[in-house]
Amino acid sequence: MTTSTTINKDERVLHQKVLGSRRLSNYWWASVVTLGATGFFLAALSSYLHVNLLIVTDPTQLIFVPQGLVMGFYGVAGLLLALYLWSVILLDVGGGYNEFNQETGKAKIFRWGFPGKNRRIEIDLNIKDIQSVRLQIKEGLNPRRTLYLRVKGRRDIPLTRVGQPMPLKDIEIQGAELAKFLGVPLEGL
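Conventions used here
- Residues numbered from 1 in each chain as written.
- Predicted model: local features only at pLDDT ≥ 70, side-chain atom pairs only at ≥ 80, totals over all residues.
- Heavy atoms only, no water.
- UniProt positions renumbered as here; feature names shortened; annotations may be inferred.
- Helix = DSSP H or I, 4+ residues; strand = E, 2+ residues; numbered from the N terminus.
- Buried < 20%, exposed > 50% of the residue type's maximum accessible area, 1.4 Å probe, protein only.
- Lys, Arg positive; Asp, Glu negative; His and termini not counted.
- Salt bridge = Lys/Arg side-chain N within 4 Å of Asp/Glu carboxyl O.
- Polar contact = N/O pair within 3.5 Å; in protein donor to acceptor, adjacent residues only side chain to side chain.
- Contact = heavy atoms within 4.5 Å.
- Pairing = 2+ DSSP bridges.
- Domains from an automatic or database assignment.
- Expected span 1.5 Å × (residues − 1).
- Arc of directions from axis to C-beta.

**With respect to the UniProt feature "transmembrane region" (unreviewed entry) in the chain**
Feature annotation in UniProt places "transmembrane region" (unreviewed entry) on residues 27-49 and 69-91, given in this structure's numbering. The span residues 27-49 shows a helical share of 100% and a strand share of 0%, and its end C-alpha atoms are spaced 32 Å apart.

**Focus: the side chain of aspartate 92**
Secondary-structure assignment places aspartate 92 in the loop between α2 (64-91) and β3 (96-101). Arginine 22 is the oppositely charged side chain nearest to the buried, salt-bridge-free aspartate 92, at an N-O distance of 4.2 Å. Only 3.4 Å separates the side chain of aspartate 92 from the backbone nitrogen of serine 21, close enough to count as a polar contact. Once you skip the residues sitting within four places of it in the chain, aspartate 92 turns out to touch Gly20, Ser21, Arg22 and Trp112.

**Notes on the sheet that holds strand β8 (residues 157-158)**
The 4 strands are arranged β8-β7-β6-β9 in an open sheet whose pairing can be described as mixed. Each having just a single partner strand, β8 and β9 (186-187) make up the two edges of the open sheet. Of the pairings in the sheet, the one linking strand β6 (residues 130-138) to strand β7 (residues 144-151) comprises 8 bridges and is antiparallel in character. Within β7, the position partnered with valine 133 by the bridge is leucine 149.

**Section: the domain arrangement of the chain**
On domain assignment, one finds that the chain holds domain 1 (11-19 + 94-185) and domain 2 (24-89). The centre of domain 1, based on its C-alpha atoms, is set 40 Å off from the matching centre of domain 2.

**A closer look at the pattern of salt bridges**
One pass over the full model with this rule turns up 6 salt bridges. Between arginine 145 and glutamate 139 there is a salt bridge, and its shortest N-O distance comes to 3.0 Å. Owing to a relative accessible area of 46%, glutamate 139 belongs among the partly exposed residues under this scheme. Across the pair aspartate 156 and arginine 150 runs a salt bridge whose closest N-O atoms are separated by 3.2 Å. Overall, the relative accessible area of 24% leaves aspartate 156 in the partly exposed class. The structure contains a network of salt bridges with shared partners spanning Arg134, Arg150, Asp156 and Glu187.

**Considering unusual backbone geometry**
Trans is the prevailing form of peptide bonds, just as negative phi is the prevailing case for residues other than glycine. Here the bond from valine 65 into proline 66 is cis, since omega is 10 degrees, no more than 30 degrees from zero. Looking at the element boundaries, proline 66 is found in helix α2. Positive phi values are uncommon outside glycine, yet histidine 50 reaches one of about 60 degrees. For histidine 50, the position within the fold is in the loop between α1 (24-49) and α2. With relative accessibility at 56%, the residue histidine 50 sits in the exposed group. A positive phi angle is found at aspartate 92, which is not glycine, with a value near 55 degrees. With relative accessibility at 15%, the residue aspartate 92 sits in the buried group.

**A closer look at helix α3 (residues 168-182)**
When the terminal C-alpha atoms of α3 are compared, their 21 Å separation across 15 residues agrees well with the 21 Å that a helix rising 1.5 Å per residue should span. What α3 keeps buried is the set Asp170, Ile171, Gln174, Gly175, Leu178, Ala179, Phe181 and Leu182. Buried positions in α3, seen along its axis, are confined to an arc of 160 degrees and lie on one side of it. Opposite the packed face of α3, turned more than 90 degrees from it, sit the exposed residues Lys169 and Lys180. Where α3 ends, the next residue or the one after it, glycine 183, has phi of about 70 degrees, a positive value.

**Thoughts on α2**
Compared with an ideal rise of 1.5 Å per residue, which puts 28 residues at 40 Å, α2 spans 38 Å between its outermost C-alpha atoms and is within 8% of the ideal. Structurally, α2 contributes buried residues whose contacts are with α1.

Structural data, given as structure tokens:
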């Protein structure tokens, strides 16, 4: 399950942890891009210096202009992409939590963003303003399964992670649990 839910303080506080960019798939792609880009960059450098810097092949036979130069361009572009991917993972962009506290009557949606003035994304709500929990399911080539909070006077607020869709069973359970906890209807089933 992509979000872990804990209810504590005598069943009065619901805390849902939301997984951000620190997913196994992101680690995988950042590693693959880093290795590939490093290979291209070392091949270009080997072509320029006429010294073999790679284990698997001998790029010293490449002519630097144009082959080595193009490989160097791909290597630098790939390393920049890898730097971006590792930065997003390090900063855990999209990670955070949803907290619903019936003792104080407040709900808080928190996510980490990119560095800058909006690094911390926080939405504070009154629980009494929450009208419903909405489940959006879109199947097909680009499936989407998302939970939203429908709040008076605001746009719908997404509660689930962006990216890989959650299993249908998990999102239905999470939506039903949240709607029951808040005492509001669950829409979209």
